[in-house]
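# Descriptive analysis of the structure
The primary structure of each chain is shown beneath.
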Amino acid sequence: MSVTEMFSYIQGFLSADQDIREDIRKVVQVLEQTAREILTVLQSVHQPSGFKEIPNKCAKARELFCTVRTHIADLKTKFPVEQYYRFHEHWRFVLQRLAFLAAFVVYLETETLVTREEVAEILDIQVVREKGFHLDVEDYLAGVLIMASELSRLAVNSVTAGDYTRPLRISNFINELDSGFRLLNLKNDPLRKRYDGLKYDVKKIEEVVYDLSIRGLAKESEAGGDK
């Protein structure tokens, strides 16, 4: 093979690679748009009247996840299955956002932490790497940490809406989440930075609970709940 032939071959490889990346980018853009639509639906729970609408908003979000699954199915066809991590950077951010949205929906419905398996089921992807397009554990954890920030905001807005028990439940949940993350030896720099943000979320929620306590609202809420 001559030098010219060799570089012609390389150019062909680079062109094919660029075509794959362009196809991936197009699908990811549509995924990002659907993720924004889901977020818009869920953001309304922060409004004073939004708490009553939580079941309806979660149902609407789950409907939109059907669209997400269709787009992900399309994305799976755009690259060789064994080259997941070669192109992972293209959909890493949107997959983390979708993991966050799935986690937020499950929390609003049950006030529990979504598992990685549950997120994968919602998105119709795999958990095990060898089975193909999957939810990387670090993407799952990033989504959970984004949810923690959203819950700190929800705690504040709960007080504005007159719901004084929700911040207490959120506080307990976030503290358990923080304890769980403390067990991990995080070596992924972006993930570790996100975890640093969890410390501020914990502090923010503690301040909300403390404010409720000194105003006597937390005790009144607990007494009302006992009745």
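These numbers come from a predicted model, not from an experiment.

Once that is clear, we can look at the overall build of the chain. Along the chain, the regular secondary structure elements total 8 helices and 0 strands. The C-alpha extent of the chain, read off along each of the three principal axes, is 85 × 35 × 25 Å. Taking all 227 residues of the chain together, the buried fraction comes to 44%. Pairs at least 24 residues apart make up 76% of the contacts formed inside the chain by residues separated by at least 6 positions. As presented, the chain carries roughly 12500 Å² of accessible surface, and 51% of it is formed by carbon and sulfur atoms. Put simply, the chain has 31 plus and 35 minus side-chain charges, and the middle of one group is 3 Å from the middle of the other.

All right, on to the side chain of Gln-96 then. Summarising the element assignment, Gln-96 is placed in helix H3 (residues 84–110). The exposure class assigned to Gln-96 is buried, which follows from its relative accessible area of 7%. Discounting residues that sit within four places of it in the chain, Gln-96 has contacts with Asp-139, Ala-142, Gly-143, Ile-146 and Arg-194.

What follows is about the nonpolar core. Counting 69 residues, the largest nonpolar core has Phe-65, Trp-91, Leu-123 and Ile-174 as its most contacted members. Secondary-structure elements contributing two or more residues to this core are helix H1 (3–43), helix H2 (54–76), H3, helix H4 (116–123), helix H5 (137–160), helix H6 (166–182) and helix H7 (189–214). Of the residues forming this core, the biggest block, 16 residues, is contributed by H3. Apart from residues no more than four positions distant in its own chain, Phe-65 is found in contact with Ile-38, Leu-98, Leu-101, Ala-102, Val-105, Ile-122 and Leu-123.

Before going further, it helps to examine the pattern of salt bridges. Tallied over the entire structure, the rule returns 14 salt bridges. Put simply, Asp-189 and Arg-192 hold a salt bridge, and the shortest N to O gap is 2.5 Å. Taken as a pair, Asp-189 and Arg-192 lie in helix H7 at a separation of 3 residues, close to a single helical turn. Notably, a salt bridge pairs Asp-211 with Arg-215, separated by 2.8 Å at the nearest N-O pair. Under the relative-accessibility criterion, Asp-211 is labelled partly exposed at 31%. Residue Arg-215 is classed as partly exposed on the basis of its relative accessible area, which comes to 45%.

Right, let's get into the packing of aromatic side chains. As enumerated under the stated definition, the model contains 10 aromatic pairs in all. On the basis of an interplanar angle of 55° and a centroid distance of 4.8 Å, the ring pair of Tyr-107 and Phe-173 is categorised as tilted. Within this pair, whereas Tyr-107 is found in helix H3, its partner Phe-173 is found in helix H6, the two being separated by 66 residues in sequence. In this pair, the class of Tyr-107 matches that of Phe-173, namely buried. Grouped by ring-pair contacts, the aromatic residues Phe-79, Tyr-84, Tyr-85, Phe-87, Trp-91 and Phe-133 constitute a single cluster.

Taken over all residues, the pLDDT of the chain has a mean of 91, while the share at 70 or more is 96%. pLDDT under 50 marks residues 223–227. Its contacts with residues more than four places away, or in other chains, come to 0 contacts.

Conventions and cut-offs
Residues numbered from 1 in each chain as written. Predicted model: local features only at pLDDT ≥ 70, side-chain atom pairs only at ≥ 80, totals over all residues. Heavy atoms only, no water. Helix = DSSP H or I, 4+ residues; strand = E, 2+ residues; numbered from the N terminus. Buried < 20%, exposed > 50% of the residue type's maximum accessible area, 1.4 Å probe, protein only. Contact = heavy atoms within 4.5 Å. Areas by Shrake-Rupley, 256 points an atom, 1.4 Å probe, with all protein chains shown as cover. Lys, Arg positive; Asp, Glu negative; His and termini not counted. Charge placed at Lys NZ, Arg CZ, Asp CG, Glu CD. Core = buried A, V, L, I, M, F, W, Y, C linked by side-chain atoms within 4.5 Å. Salt bridge = Lys/Arg side-chain N within 4 Å of Asp/Glu carboxyl O. Phe/Tyr/Trp six-rings, centres within 6.5 Å; stacked < 30°, edge-to-face > 60°. pLDDT = per-residue confidence, 0-100.

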